[in-house]
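Results of the structural survey
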Amino acid sequence: MSFFKEYEVIVVGAGHAGCEAAHAAAKLGSKVLLVTLNMNNIAQMSCNPAVGGIAKGQIVREIDALGGMMGIVTDETAIQTKMLNRSKGPAMWSPRAQSDRMMFAESWRMKLEQNLNVDFWQDMVTDVLVKNDKIIGIKTQLGIEFGAKSVILTNGTFLNGKIHIGNKNFGGGRAAERASTGITASLETLGFESGRMKTGTPPRVDARSLDFSKMEEQPGDSNPPRFSYTDTKALTSQRSCWLTYTNQEVHDILKTGFDKSPMFTGRIEGIGPRYCPSIEDKIERFSQRDRHQIFVEPEGWNTVEVYVNGFSTSLPEDVQQKAMQKIIGFENAKMFRPGYAIEYDYFPPTQLKHTLETKQVEGLYFAGQINGTTGYEEASGQGIMAGINAHKRIHNPNNDFILGRDQAYIGVLIDDLITKGTDEPYRMFTSRAEYRILLRQDNADDRLTEIGYNIGLADKSRLDKVKIKQKNVNTIIDKFKETSIEPKFLNPILQEKTSSEIKQKMKAYNLVLRPQLSIYDLKADPNVEILLTNKTQEEIEQAEILMKYEGYIFKEQEMANKLKKIDTIKIDPNFNYNSIKTLSAESIQKLTKIRPLNLGQASRVSGVSPSDISNLLIYLEKN
């Protein structure tokens, strides 16, 4: 076959998954072609202009620790940052940033253009080209065929995308952008199973028409956190977000449009995100509540456009406008564009290996919303993994890169998708990770930077930085075990914190274990202050976490080590589960479909019972 041009890796789609995949494969040395419908919309923030949040912030820090770009781009383009859940334990702390939408896309494009291994092509991909169950390239709408050894599909919401506003619907992958057609049919011909999902977005409004004096200001942190472990510049000024609420009048007006809602009339077939429902879904499901939060989020430094977070809707535009103007502070609101719902094709992720390579076609990878996930961060996490593995398949075969559930939230995400599948948009939460005390946002560099360096994605300077941090953290802990604090320095603070006073000198290590005390409280003793001088906030906080939660961390690591043993019990991917007569019919069906590679993965397949795992273990040990 004669190709227009040949590449090692082709990435289809330049959203968050596609950008991260292209960057990873290209930085590792592969010649990459990034194909997108519109070069002007690379790394577009299709929904809210924000990165991070609960569990999602941890994923961004993991991407950064491996050597990815999302954290750096976010830091460079943030207009506000916060550390969420500070009042809870450190396993729950999650960084979140408001981004400048236009700057974010520009920064990503510049970074990709600076990599000489990345070429770009603006066109619609309509076909994947396969020979003997191996990928050999792609075909575009223009009829041009590009050859490739690996192809990564990151199509987002564009696969047969359909936009709904009230009774109106039309093809589109995003507002004012056409849908992508052809790929679903091409994949189905190859035997892939597809489904439909739905997501939505709220209206965008003119900030000049809002009365912010009636809303609650939501400023960023006074000491704004960063996402990247590199020396990205800290924010010196920030833009505030604002909080307001819906009310019963808003709800009553919205209800007048329910008979035209595509959600309630059955015109939308796809399943929407459970944890980010539309406003009409919220007032229907939570009818006992007379108000819902609305966060007003600026779209950038120099624009009046704001994102109305919490008001996602596909109701008719006149109903949206009338209801919105009954929200406090929105009385004179001018709409730039209405909210809408979008339906799109996805492919159940049980059809993938843990590398994100498809089981049916060698060298074909899926990443992002095509796998049924929702969110920029989940997409980027899959993108970097697909990019690494697509490169490795060509240059370092039989050396797959897979992260375990005890190593990263990215590992939890991919394992959940492959072993459990999803029939609704998958969103990451801390509750999904059984080892969340190990998978904190503060230690992603400890967990993953050396791995990223060994792959070739993280630079030596990153690894050196981690080692300096680890050395300083250990120094703080060791010195706290040696340093004694005198009562006269600490008792006034203990009194204030209603913690029992000390009558004689006590080791700083024992005092920091008290839940009422912060490590910074101990700086009242000059010796501790000297000890913490020239240490970064990250080093000090991580030392405190490791001391305070040492017992919990040890127990969780011990549990992870025990459970990892069943991951070492391998299962042949072609194993015949029908040969075990004691397995239930459901388990045989599920295990034959998923084809787990080890007993640990088999134990996490939905519908497989513990007794079936015991029977499988007995059989494997005997044979």
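This section reports on the structure supplied with the text.

1. A closer look at helix α10 (residues 409-420)
Look at α10: 16 Å from first C-alpha to last across twelve residues, which is about the 16 Å you get at 1.5 Å a residue. Considered for burial, the residues of α10 that qualify are Y409, I410, G411, V412, L413, I414, D415, D416, L417, I418 and T419. Where α10 is buried, its residues contact α2 (56-66), α9 (376-395), α18 (585-594) and α19 (599-603). Once α10 ends, the next one or two residues include G421, with phi positive near 70 degrees.

2. Side note on the nonpolar core
Within the largest apolar cluster, 90 residues are counted, with the highest numbers of intra-cluster contacts made by I10, L153 and L364. Per-element tally for this core: the top contributor is α9, with eight residues.

3. Focus on the sheet that holds strand β18 (residues 335-337)
One open sheet accounts for six strands, arranged β14-β15-β16-β17-β13-β18; its pairing is antiparallel. Lying at the two open borders of the sheet, with one neighbouring strand each, are β14 (216-218) and β18. Going from strand to strand, the sheet's axes swing by 35 degrees on average, the running direction of each strand aside. Two elements, strand β13 (residues 204-206) and β18, share two bridges in a ladder whose sense is antiparallel. Paired with V205 across the bridge in β18 is M335.

4. Quick notes on the pairing of strand β17 (residues 305-309)
Both β13 and β17 contribute to a ladder of three bridges, which runs antiparallel. The residue bridging R204 from the neighbouring strand is Y307, located in β17. Pairing of strand β16 (residues 293-298) with β17, which is carried by four bridges, proceeds in the antiparallel orientation. Each residue of the ladder has a partner; that of P298, found in β17, is V306. Taking the residues that link successive antiparallel strands as the turn, the β16-β17 hairpin has six residues.

5. Structural notes on the packing of aromatic side chains
Here the structure, examined in full by the defined rule, presents eleven aromatic pairs. Aromatic side chains F4 and F146 sit 5.6 Å apart centroid to centroid with 90 degrees between the ring planes, which places their arrangement in the edge-to-face category. One end of the pair, F4, is in the segment before β1 (5-12); the other, F146, is in strand β9 (residues 145-153), with 142 residues separating them in the sequence. Taking 6.4 Å as the distance between ring centres and 90 degrees as the angle between the ring planes, the aromatic pair formed by F192 and F347 counts as edge-to-face. With F192 in the loop between α5 (183-189) and β12 (195-201) and F347 in the loop between β19 (340-346) and β20 (364-366), the pair connects residues that are 155 residues apart, well separated along the chain. Taking the relative accessible area as the measure of exposure, F192 reaches 4% and is therefore buried. Here the aromatic cluster, defined as three or more aromatic residues joined through ring pairs, consists of F4, Y7, W121 and F146. The ring of Y229 carries R61 above its face, with NZ or CZ at 4.0 Å from the centroid. Over the face of the ring belonging to Y426 we find R432, whose NZ or CZ atom lies 4.1 Å from the ring centre.

6. Considering the side chain of S99
Along the chain, the position of S99 falls in strand β5 (residues 94-99). Since its relative accessible area comes to 0%, S99 is described here as buried. Once residues lying within four places of it in the same chain are set aside, the contact partners of S99 are M45, P49, A50, V51, T74, T77, A78, I79, F104, P298, E299 and G300.

7. Overview of the packing of helix α1 (residues 16-27) against helix α4 (residues 101-113)
It is at 10 Å that the axes of α1 and α4 come closest, and there the two elements cross at 25 degrees. Taken together, α1 and α4 sit at an angle that is classed as roughly parallel. Along this stretch, α1 crosses α4, giving a crossing that reads as left-handed. Contacts between α1 and α4 involve H16, C19, E20, A22 and H23 from the first element and F104, W108 and L112 from the second. Along the lines of polarity and charge, the residues of the contact of α1 with α4 split into five nonpolar, two polar and one charged.

8. A few points about the pattern of salt bridges
Per the counting criterion, the structure on display carries 38 salt bridges. One salt bridge connects R285 with D281, and the closest N-O pair in it is separated by 3.1 Å. Highlighted residues: R285 and D281, both in helix α7 (residues 279-285), separated by four residues, approximately one helical turn. The class for R285 is partly exposed, based on a relative accessible area of 40%. A relative accessible area of 16% places D281 in the buried class. Across the pair R405 and D416 runs a salt bridge, and its minimum N-O distance is 2.9 Å. Of the two residues, R405 is situated in the loop between α9 and α10 and D416 in helix α10; the sequence distance between them amounts to eleven residues. When its relative accessible area of 6% is taken as the criterion, D416 is described as buried. A network of salt bridges, in which partner residues are shared, links R405, D415, D416, K420, E434 and R604.

How each quantity is defined
Residues numbered from 1 in each chain as written. Predicted model: local features only at pLDDT ≥ 70, side-chain atom pairs only at ≥ 80, totals over all residues. Heavy atoms only, no water. Helix = DSSP H or I, 4+ residues; strand = E, 2+ residues; numbered from the N terminus. Expected span 1.5 Å × (residues − 1). Buried < 20%, exposed > 50% of the residue type's maximum accessible area, 1.4 Å probe, protein only. Contact = heavy atoms within 4.5 Å. Core = buried A, V, L, I, M, F, W, Y, C linked by side-chain atoms within 4.5 Å. Pairing = 2+ DSSP bridges. Axes fitted to C-alpha atoms, helices over the stretch in contact; angles between N-to-C directions. Phe/Tyr/Trp six-rings, centres within 6.5 Å; stacked < 30°, edge-to-face > 60°. Lys NZ or Arg CZ within 6 Å of the ring centre and 35° of its normal. Parallel < 35°, antiparallel > 145°, perpendicular 65-115°, else oblique. Left-handed = near helix turned anticlockwise from the far one by under 90°. Nonpolar A, V, L, I, M, F, W, Y, C, P; charged D, E, K, R; others polar. Salt bridge = Lys/Arg side-chain N within 4 Å of Asp/Glu carboxyl O.

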